[in-house]
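Residue-level listing of the chains:
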Amino acid sequence: MLINSPIIAFTILLIVIFTIPPLFERLKLPGLVGLLVAGVLLGDSGLKLLNPESESIKLLSEIGKIYLMFVAGLEIDLEQFRKTKNRSIGFGFLTFIVPMIAGILVGRIFNFGWNSSVLIGSLLASHTLLAYPIVSRLGVVANEAVTVTIGATIFTDTGALLVLAVCVGIHGGEFTPLSLITLLGGLAIYSVIVLFGFDWAGKEFFKRTGDEQSNQFLFILLALFLASVGAQLIGVEKIVGAFLAGLAVNDVLGRSPVKEKIEFIGSALFIPCFFIDMGLLIDIPAFIKTLSSIGLTAAIVIGLIGSKFIAAYLAKVFYRYNNAELLTMWSLSLPQVAATLAAALVAYETVNANNERLINSGVLNSVIVLMLITAILGPVITARSATSLTIPQADLASEPLSTWWSNYRDDVVDTIHQTFTVVVPIYNPQTQRYLLEMAAILARYESGRLVPLAITKGHIQMDNPQLKTELVQARERLDLATDISKEFDIEVAPAIRIDDDIALGISRVSREQDANLLILGWSQNIGLKAKVFGNIIDSIFWSSHCPVAVTRLLKSPTEFKKILVPVGDLTSQTTGAIRFAQILAEGNQAEIILLHIRNPKTTQIQVEVFESKILDIASKNQSKINTIIKTVKGNDIARIITQEALNTDIVILRSVRYRTAGGLAVSEVTTQVIKQLKTSFILLGETN
C-alpha cells in the first residue's frame, strides 16, 4: 500500500526534500548528494518505501529532469557570453572537444561500441557552474578568465546535448546516412524555431501582459513543455528541447520576479524529485561491483579531470593567462551535474529493438561517482585559486568614487539639469521619522528635494467611504512628513497615489518624479509566502528605474557615530556602498569601518594588496571622514559581520542573489546577517 499510493509517495518525497539537503549542507556536502542517498535508502536497495516504476514517481522525475535542463539554459549569462564571445567560443571548443576525445578513448578501451563511446565523450564534455557563487562572492567575476569560462558553458552544454540527440537517434533505429542527415536537418530547423520563435513570442506576450505575473509564469511553463514535446516529435530527446527553451526565454525573463518564481518552484520540488529518482535507480550490488572493478570508474574520473585541465592549459597558452586563471578555469569547468546527469539517465533509459541500453549500469554508476567527486573538488579548488585573481587595473581606475546613484542615466531626461530627488514611501507614523531623516540627509547633501509618498489601495468605487478614510489618514501622514523634512531645510514635495498594486504604485511615482533614489522601510515578509508570491521590496527592486535603499533604523541617523561596511570585492557596488557611508558620516563626523573577511588560506601579501586598493578607493573622494579597514580571518561571514556590528550604529549591506544551474538555492550571507543583526542596517539593492 505504501509503495502504490501516490499521495503517500508524494508525502515521503516532500519529507525528504524538506529535511535531507539541510542536514548534508551542515556536513559541508552538497544537498543533492543527500537526495541521492535518500533515494538509495528508500528504494529497492533499502526500505522499499518508494517504487521507481510508479507513474507518480516517473512523472515527477521526468518533470524534474526537463526542469533541470531548462534552469541550466536560464542560468547561462548571455551578456557575459557576448562580452567575450570569441574567446568563450574558443575555450568552449577546447573544454568540449578534449574531454569528448578522452571519453571516446575510455569507451573504446572498455570495449563499448562507437556510438556508446561518443555518448560517453559527450557526458564529459559539458560542465555546470557550481562554483559561480564563490567567484561572485570574491568579486572576481569581471576577470576575463572567469567571464570566458561562464560564456563557454553555452557552447559545451549545447554541444553535449546535440551529440546526445544524435546518439539516441542512431541507437533507436537502423542507422543510415540519410537518417542522420534528416535528424540533423530537423534538429537545425527545430532549434531555430525555438530559439528565435520563443524569444519573439515571449517578448511580445510580456509586452502585452504588463504586470500579469501569473499569466507570464504560465506562458514560460507552456514554452518549456511545448519545446520538450516538439523535441520528441522530431525524434530528439526532450531535455534538448528544455535546454533550448531556457536559452530562448533567457532574455525575455531577465532578472524579473517571474524568473525567481520559475526557479523557486523547480529547486523546491521538481529538481529534487529527479535526484531522488536517480538514487532509486542505483542498484547497490551493481554499484559495489562497479566500484570493486574500479577500472571504468577511475578511467572516467581521471579522464574528465585530466582532459578539463588540458583544455584550461591550452586556453592559458593561447590567451596568455596566468596560473591562477588557469586553475580557476579548470575548477569552474570541472563539476558534472546538470547536463551530465540528465543526459546519462536518458542514455541509460534508451533501449533499442534488441533490448540493448545505450550505456549500461556501470557507466551510469561511474557518472554518479564522477558527479560526487567533481561537485566537491571543483568548488574547493575554485575557492583557493580565485583568491589570487585580480580585476584589471583599467577597470578599477574607471570606477569613480561618486555617489551610489550617479551611475543612473536616462536617455530622455537631462540628468545634468535635473533636481536630485529622493522618494520615500511612508505608512507608519511611528517609524517614518527616522526614514525621512535618512532621506533628508541625502537630499540635502545633493541640494535636492524630498518626495514623501503615501500610497492608498484602490477601490472599484472612488466614493467608497473606506477609501475616503484612508485618504484622510494618508494626508495626515504627509503633513507630519512635511514638518519633519522641513527641519533639514530642504525642498519638500509630498505626493499621494491611489493604486491597486502598492509596489508598482511606488515605482510609477518614482518614475514620474524622475527620482534618483528610492528609500524604503524594511519588511519582515521574508518567509515561504514571500519566496513564492514575492513581497513589496522584491517587486520594487525589480521594477524600479532608479537605485533602491531598504532601511531598518533603530535610532535617528543624526546619531550615527560608527558605520560598518563589509567589503569583499573591488566592484562598483562596493565603491557605491563606501560612498553611501561617507555621505552619512559627513553630517555627524562619524567613523567608517571597512570590514574585510578574508579566507583563512589567503596569503598576507594578498590581504595587504586588497587593503591597499580598498583604502585607495575610499580616499578618492578626498573625504575628511576617519576611515579604517579591519581584516578578520574566518569562513563564517554572517557570524563575523553580526559580531563586529555589535559595536557600531549601522551596517551598510548589498543585496546579492544567485541560483546555481543545478537548481539548488545558494545560501545568502546577506539574508543570514539581516536575521541576526541587532542594530540598524541599510540594504542597497542591485539595480537592473
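Residues numbered from 1 in each chain as written. Predicted model: local features only at pLDDT ≥ 70, side-chain atom pairs only at ≥ 80, totals over all residues. Heavy atoms only, no water.

*Asks:* What's the story with the overall build of the protein chain in this structure? I'm lost.
*Replies:* The number of helices and strands found in the protein chain is 28 helices and 11 strands. The long-range share in the protein chain, meaning contacts at least 24 apart out of those at least 6 apart in sequence, stands at 81%. Looking at the protein chain as shown, the accessible area adds up to about 30100 Å², and 59% of this sits on carbon and sulfur atoms. (Helix = DSSP H or I, 4+ residues; strand = E, 2+ residues; numbered from the N terminus. Contact = heavy atoms within 4.5 Å. Areas by Shrake-Rupley, 256 points an atom, 1.4 Å probe, with all protein chains shown as cover.)

*Asks:* For this particular structure, what's the right way to read the environment of Trp330?
*Replies:* Within the secondary structure, Trp330 is located in helix α16 (residues 323-332). Residue classification places Trp330 among the buried positions, given a relative accessible area of 11%. Sequence separation between Trp330 and Thr149 is 181 residues, and the spatial gap between their C-alpha atoms is 8.8 Å. With sequence-adjacent residues up to four places away left out, Trp330 is seen in contact with Ile305, Lys308, Phe309, Ala312 and Ile381. (Buried < 20%, exposed > 50% of the residue type's maximum accessible area, 1.4 Å probe, protein only.)

*Asks:* In this structure, what is going on with helix α17 (residues 338-349)? I would like to understand it.
*Replies:* Two residues of an α-helix separated by three or four positions point the same way, owing to the 3.6 residues in each turn. With 12 residues, α17 should cover 16 Å at 1.5 Å per step; its first-to-last C-alpha distance of 17 Å lies within 8% of that length. The complete set of buried residues in α17 reads Ala338, Ala339, Thr340, Leu341, Ala342, Ala343, Ala344, Leu345, Val346, Ala347 and Tyr348. Elements that come into contact with the buried residues of α17 comprise α3 (55-75), α6 (114-125), α8 (144-172), α11 (238-248), α13 (257-281) and α18 (361-385). (Expected span 1.5 Å × (residues − 1).)

*Asks:* In this structure, what is going on with the packing of helix α1 (residues 6-26) against helix α2 (residues 31-42)? I would like to understand it.
*Replies:* Where α1 contacts α2, the two axes come as close as 8 Å, and the packing angle between them is 130°. Viewed along their axes, α1 and α2 adopt a mutual orientation that is oblique. Considering the relative orientation of α1 and α2, their crossing is right-handed. Contact residues: α1 offers Ile12, Val16, Ile17, Ile20, Pro21, Phe24 and Glu25, while α2 offers Gly31, Val33, Gly34, Leu35, Val37, Ala38 and Leu42. Looking at side-chain class alone, the contact of α1 with α2 contains 11 nonpolar, two polar and one charged residues. (Axes fitted to C-alpha atoms, helices over the stretch in contact; angles between N-to-C directions. Parallel < 35°, antiparallel > 145°, perpendicular 65-115°, else oblique. Left-handed = near helix turned anticlockwise from the far one by under 90°. Nonpolar A, V, L, I, M, F, W, Y, C, P; charged D, E, K, R; others polar.)

*Asks:* Just checking my understanding: could you explain the nonpolar core for this structure?
*Replies:* Within soluble globular proteins, side chains that are nonpolar tend to cluster in buried spots. One finds Leu50, Met69, Phe70 and Ile220 to be the most contacted residues of the largest nonpolar core, which totals 128 residues. Broken down by element, the residue count for this core peaks at 12 residues, all from α8. The contacts of Met69, once residues within four sequence positions are left out, are Leu161, Ile239, Ala242, Phe243, Ala338, Ala339 and Ala342. (Core = buried A, V, L, I, M, F, W, Y, C linked by side-chain atoms within 4.5 Å.)

*Asks:* Could you clarify how one ought to interpret the layout of surface pockets in this entry?
*Replies:* Over the atoms rolls a probe the size of a water molecule, and in doing so it shows where empty space is left. Space inside the second largest pocket adds up to approximately 840 Å³. Along the walls of the second largest pocket sit 28 residues, with Pro425, Ile426, Tyr427, Asn428 and Gly521 positioned nearest its centre. Among the elements that take part in the lining of the second largest pocket, strand β2 (residues 449-457) stands out by supplying four residues, more than any other. For the lining of the second largest pocket, the class distribution of residues is 16 nonpolar, eight polar and four charged. (1 Å grid on protein atoms, 1.4 Å probe; cavity = no way out; pocket = protein on both sides within 12 Å on 5 of 7 lines; lining within 4 Å. Points joined across faces, edges and corners; volume = space filled by probe spheres on them.)

*Asks:* Even after reading the chapter, I still don't get the pattern of salt bridges, so can you show me in this structure?
*Replies:* When the charged atoms of two side chains with opposite charge come close together, those side chains can pair. Summed over all chains, the structure comprises 17 salt bridges. Put simply, Glu349 and Lys65 hold a salt bridge, and the shortest N to O gap is 3.7 Å. Taken together, the residues Glu349 in helix α17 and Lys65 in helix α3 connect sequence positions 284 residues apart. Notably, a salt bridge pairs Asp499 with Arg508, separated by 3.2 Å at the nearest N-O pair. By sharing partners, the salt bridges in this structure join Glu62, Lys65, Lys238 and Glu349 into a single network. (Salt bridge = Lys/Arg side-chain N within 4 Å of Asp/Glu carboxyl O.)

*Asks:* Before we go on, may I ask you to explain the packing of helix α22 (residues 502-512) against helix α24 (residues 536-543) in this structure?
*Replies:* What describes two packed helices is the angle between their axes and the distance between those same axes. At their nearest, the axes of α22 and α24 sit 9 Å apart, and the two run at 35° to each other. The way α22 lies across α24 gives a crossing that is right-handed. Contacts between α22 and α24 involve Ile502, Ala503, Leu504, Ile506 and Ser507 from the former and Ile536, Ser539, Ile540 and Ser543 from the latter. Per-class residue counts for the contact of α22 with α24 are six nonpolar, three polar and no charged.

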